[in-house]
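# Examination of the molecular architecture
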Amino acid sequence: MGNLVDPADITPRQVANKSDKKALLDAIRMTLSVQSPAVRRNTQTFNRNRYAATALLPDYDELKDRARLIKEQAIANSPELLRQLEAAVRANGGHFYLAKTATDADRYIRDVLLRHEAKLVVKGKSITSEEIKLNHALEAAGITVAETDLAEFILQVADEQPSHIIAPALHYSRERITALFKRKFTTDLPLDTGEELTVFAREKLRQQFIAADAGISGANLIAADSGSLMLVESEGNIRMTMTLPPLHIALAGIEKVVPSRTDFGTFIELLPRSGTGQPLTSYVSILHPPLKAPSFAAPGKTAKPREFHLVLIDNGRSRMREDPILHEALYCIRCSACLNSCANFEAVGGHAFGGETYSGGIGGSWEAGTGTLMNARFSELCTGCSRCVTQCPVRIDIPWLNENLRQRMNALQPESGVKAAFGAVTGSAPEDRIAPLQKQFFANYHVMAKEATRFSSLSNAVTGLPFVRGLMENFVGLDRRRKLPPFPSKTWEQLHRDQPGDRARSTNPGLPHVLMFADVFTNYGSPERGMAAMRMLRAAGVNVELSPSLPDGRAALSQGMIATASQQANGLAKTLLPYLEKGTVICVLEPSVLAMFRSDYEHLLDATTWEKFARASFLDPLQLVLSVAKERGTDLSQIFRAGKSPHGTLVFYHSHCQQRSCDAAWQTIEILRSCGFDVVTSSVECCGMAGSFGYKRDYYELSMAVGEDLFAQVRAAEQEGGQRTLVASGTSCHEQLWAGMGREVLHPVEVLVSTLD
Ligand code: SF4
Ligand code: SF4
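Anyway, here's the lowdown on the structure attached to this text. What you see is a predicted model, and the numbers here were worked out from it, not measured in a lab. What you see as residue numbers is a count from 1 along each chain, following the sequence as written. Working convention: letters from A go to chains and numbers from 1 go to ligands, in the order in which they are written. For this predicted model, a pLDDT threshold of at least 70 governs which residues receive local features, and a threshold of 80 or more governs which side-chain atom pairs are given and counted, while totals over whole chains, interfaces and linings are taken from all residues. The side-chain quantities take in all heavy atoms of the structure and omit both hydrogens and water.

Our next topic: the nonpolar core. Throughout, nonpolar core names a set of buried Ala, Val, Leu, Ile, Met, Phe, Trp, Tyr and Cys residues whose side chains join them through atoms within 4.5 Å. For each residue, the accessible area found with a 1.4 Å probe, counting protein chains only, is set against the maximum for its type, and the residue is called buried under 20%, exposed over 50%, and partly exposed in between. With 101 residues, the main nonpolar core has I362, L381, I396, F597, Y601, F613 and F618 as its most contacted residues. For this core, the element with the most residues is helix 27 (residues 562–582), which contributes nine residues. We call two residues in contact whenever any of their non-hydrogen atoms come within 4.5 Å of each other. Setting aside residues no more than four positions away along its own chain, F613 makes contact with A573, L576, L577, L580, F597, Y601, L605 and F618. Counting 43 residues, the second largest nonpolar core, distinct from the first, contains L589, I671, V679 and L756. To qualify as a helix, a DSSP run of H or I must reach at least 4 residues; to qualify as a strand, a run of E must reach at least 2; elements of each kind are numbered from the N terminus.

Okay, structure coming up:
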């Protein structure tokens, strides 16, 4: 990322539109240099609070199912609901306007305000108003807009776009706010505490509320049957915006309409918990405008009659509704759980992992849907780790949306003979041969790895040469600072073939029998680890045979090469189907591949084949061992005695992001502890390496910045109780920990096997 501009001099607005790749890279540099500590602190606090708050919901899963169903049905019936809503608003005495475009909405609101001769408008937080750039439109017409949400007030003073859906100024530390206010306002106040800053802002805002001619709010949800609005907030400013001035304009996207006011309850349960982790926000307003109570009038003035306008905007949403993939983004209730549970977002926030309006994993679909596809370029920062999927209250498959955006962006690339030839040689599907060389290189890792392993001494010598690393960096974007793990002289398949004794034992009748899937990452990268997994299973009383090693599509999917991923998935399915049909359990060592079989294949296989996959048992090896031990009453501590491990009993364990999303991580901790290991676990969402992500020159710094949280947790654990054996369950996590800590990293299976005679 060679760039002469000091990242501290880059302003968020300059890099808001990331259709140009340079803007994305500059934004990453700027946020890492300036905003990262505040973004990390705030998002990680929200994230911890969300885990705690949702754990207290006994019906969390049912609530999510209900929320999803309400939104699915509402979007499916959107035209009918809009007609119903219009009738309800008019019957209530309000005005209704459905704006096709952002410009239409701006024009309508501006005209209403001009008709009322409004000079000053107070505004509650509304991301939709950012989308349509309402403040610009109104200010151009001579109308002053006062943002009344504290965070929006800060951003208005700083002239920045929001960096987070619910906490727009989350990238500001208290010290930076103090410096900003002192720079922009004349005051003798110290402004050294949060309280002083709030009092200062409140004094300014109070004057605006008193003098305001109109109030503009958003809406979290709108009920079609009654025209009622639901708004959740922490500061009470939105409630004042809607109730004090005589003229109230509510602005929202058409996706906010749900059938009935009774639907609000489900979302009131989920929204605050998923966002800030609060059981309820300080203010929940359910409003039925226009209000009957008189509007506010300053002493000596007469209250004006109330008027209410509901402005709903389409601005691409109807197109999204028709889109087979992007329609899912319309279910979003803007809670921010997907931002706060995303390790990359936690490191840089929405000024890098975001566009002009929307941010985070879900933001790409919104920028593409309401703007242009290339505005969604920042969705490249989605590594597909899947941590957000289980946190989303409406169960949106965010990585799948981003993989599709990537595919669409790949398709806009210029054709070239080199790319086409490279794709043909490496096996990319014909439609994916237009993808950049870098993507095709990472998508077809197994082809390169297979050849490199055949001539491992030569490959390791060549890839160690600085000039070769320079070439690889220039041509396929493989960062030269990232150490490459050496290629083994024998693959997992070869090692297994070379040990006939092991294969003989694997047919012991009477024991559970499983197929161990030889994923390409372990086969070409860590064959000894694969062998250890098989030895561990046998020691625990499981018969195991090894599958052929075939590409599973994970690497291609992460590059947005969906046709290639699908081709590989369908090829692999042919090999596994006979086993699935017999009911054989498939054991999968690499968590990213486990996640493919368990969920991503739904998108890549035909419906009949997927049905068979969905019914089959795909298990992590330690998950399998624990379940067999429980079933057979085996005491694992008698087989794997921690005291016998040459690595000692102190362990720091980091589980892979996708392994946790598959609910296949806690079993490892339970086994290690029950066998006598003293286990400290990491609490990061992802290590930052995320497959090929950490290898890419463009994202190396971000990957290492994300990893720093994990490394810090290792250091903290070791400061307290001495050095621990580093243990991780995914290939990427191994490489990241190795890079950050400079020490050997083991897999849990290697730790357990080390206790055997
Ligand atoms: S899949 Fe992972 S990287 Fe992508 S948005 Fe979700 S949490 Fe972030
Ligand atoms: S995608 Fe899901 S988790 Fe993310 S903001 Fe929307 S509703 Fe919340």
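Put simply, two rings from Phe, Tyr or Trp (the six-membered ring, in Trp's case) pair if the centres are within 6.5 Å, and we call them stacked under 30 degrees between planes, edge-to-face over 60, tilted for the rest. Enumeration according to the criterion identifies 18 aromatic pairs in this entry. With a centroid separation of 5.4 Å and 40° between ring planes, the pair formed by Y358 and W366 is classed as tilted. A residue is classified by how much of its surface remains accessible, and Y358, at 2% relative accessible area, is buried. Its relative accessible area of 1% is what places W366 among the buried residues. Ring pairs connect the aromatic residues F517, F597, Y601, F613 and F618, which therefore count as one cluster. The residue whose ring lies beneath R50 is Y51, and the NZ or CZ to ring-centre distance is 4.6 Å. Two conditions define a charge located above a ring, namely a distance within 6 Å from the ring centre to NZ of Lys or CZ of Arg, and an angle within 35 degrees of the ring normal.

Near ligand 1 you find C342, G361, C382, T383, G384, C385, S386, C388 and P399, and these make up its full shell. Three categories are distinguished: nonpolar for Ala, Val, Leu, Ile, Met, Phe, Trp, Tyr, Cys and Pro, charged for Asp, Glu, Lys and Arg, and polar for the others, with Gly belonging to the last. Among the residues making up the shell around ligand 1, the classes are represented as five nonpolar, four polar and no charged. Proximity is defined per residue: if any heavy atom of the residue lies within 4 Å of a molecule or strand, that residue is considered near it.

Here we take up the sheet that holds strand 8 (residues 257–258). When DSSP locates at least two bridges between a pair of strands, those strands are taken to pair. Spatially, four strands are ordered 8-5-6-9 in an open sheet, and the strand pairing comes out mixed. The sheet is open, and its two edges are formed by strand 8 and strand 9 (283–287), each paired on a single side.

Looking now at helix 28 (residues 591–604). By definition here, a helix of n residues has an expected span of 1.5 Å times n minus one. Spanning 14 residues, helix 28 covers 18 Å between terminal C-alpha atoms, matching the ideal 20 Å at 1.5 Å per step. The bend at a residue is defined as the angle formed between two axes, one fitted to the seven residues ending at that residue and one fitted to the seven starting there. Along helix 28, the helix axis deviates most sharply at F597, where the bend reaches about 50°. Among the 14 residues in helix 28, 10 count as buried, and that is most of the element. Of the positions making up helix 28, those classed as buried are P591, S592, V593, L594, A595, M596, F597, D600, Y601 and L604.

What follows concerns the sheet that holds strand 11 (residues 513–517). With respect to topology, four strands assemble into an open sheet ordered 12-11-13-14, the strand pairing being parallel. Single-partner strands in this sheet number two, and they are strand 12 (543–546) and strand 14 (618–619). Two elements, strand 11 and strand 12, share four bridges in a ladder whose sense is parallel. Paired with H513 across the two strands is N543, which belongs to strand 12. Where helix 27 meets the sheet, it contacts strand 11, strand 12, strand 13 (585–588) and strand 14, and its direction lies at approximately 170° from that of strand 11. Axis angles are defined between N-to-C directions and span 0 to 180 degrees, where every axis is a line fitted to C-alpha atoms and, for a helix, only to the segment in contact.

We now examine helix 20 (residues 456–463). Every α-helical turn comprises 3.6 residues, leaving residues that sit three or four positions apart pointing alike. Among the residues making up helix 20, those that are buried are S456, S459 and T463. For helix 20, the buried positions fall inside an angular range of 65° around the axis, keeping them on one side. Residues of helix 20 that are exposed and angled more than 90 degrees away from the buried face: S457 and L458. Taken together, the buried residues of helix 20 touch helix 19 (445–454) and helix 21 (466–476). Each C-beta atom gives one direction from the helix axis, and the arc is the one those directions make.

Here the focus is unusual backbone geometry. In this structure, the amide linkage connecting P289 to the following residue, P290, adopts the cis form with an omega of 0°. As for its position among the elements, P290 is in the loop between strand 9 and strand 10 (307–313). A positive phi angle, near 45°, is found at N315, a position not held by glycine. Within the secondary structure, N315 is located in the loop between strand 10 and helix 12 (317–322). Looking at N315, the relative accessible area reads 13%, which means it is buried. Positive phi is not limited to glycine here, since R395 has a value of about 55°. Residue placement: R395 occurs in the loop between helix 15 (360–370) and helix 16 (398–411).

The rule for a salt bridge is simple: a side-chain nitrogen of Lys or Arg has to be within 4 Å of a carboxyl oxygen of Asp or Glu. One pass over the full model with this rule turns up 38 salt bridges. For the salt bridge of R68 with E72, the shortest nitrogen-to-oxygen distance reads 2.7 Å. You can see R68 and its partner E72 sitting in helix 2 (residues 60–76), four residues apart, about one turn around the helix. Taking the relative accessible area as the measure of exposure, R68 reaches 16% and is therefore buried. Judged by relative accessible area, which is 30%, E72 ranks as partly exposed. Taken together, the shared-partner salt bridges connect E131, E255, R317 and R334 into one network.

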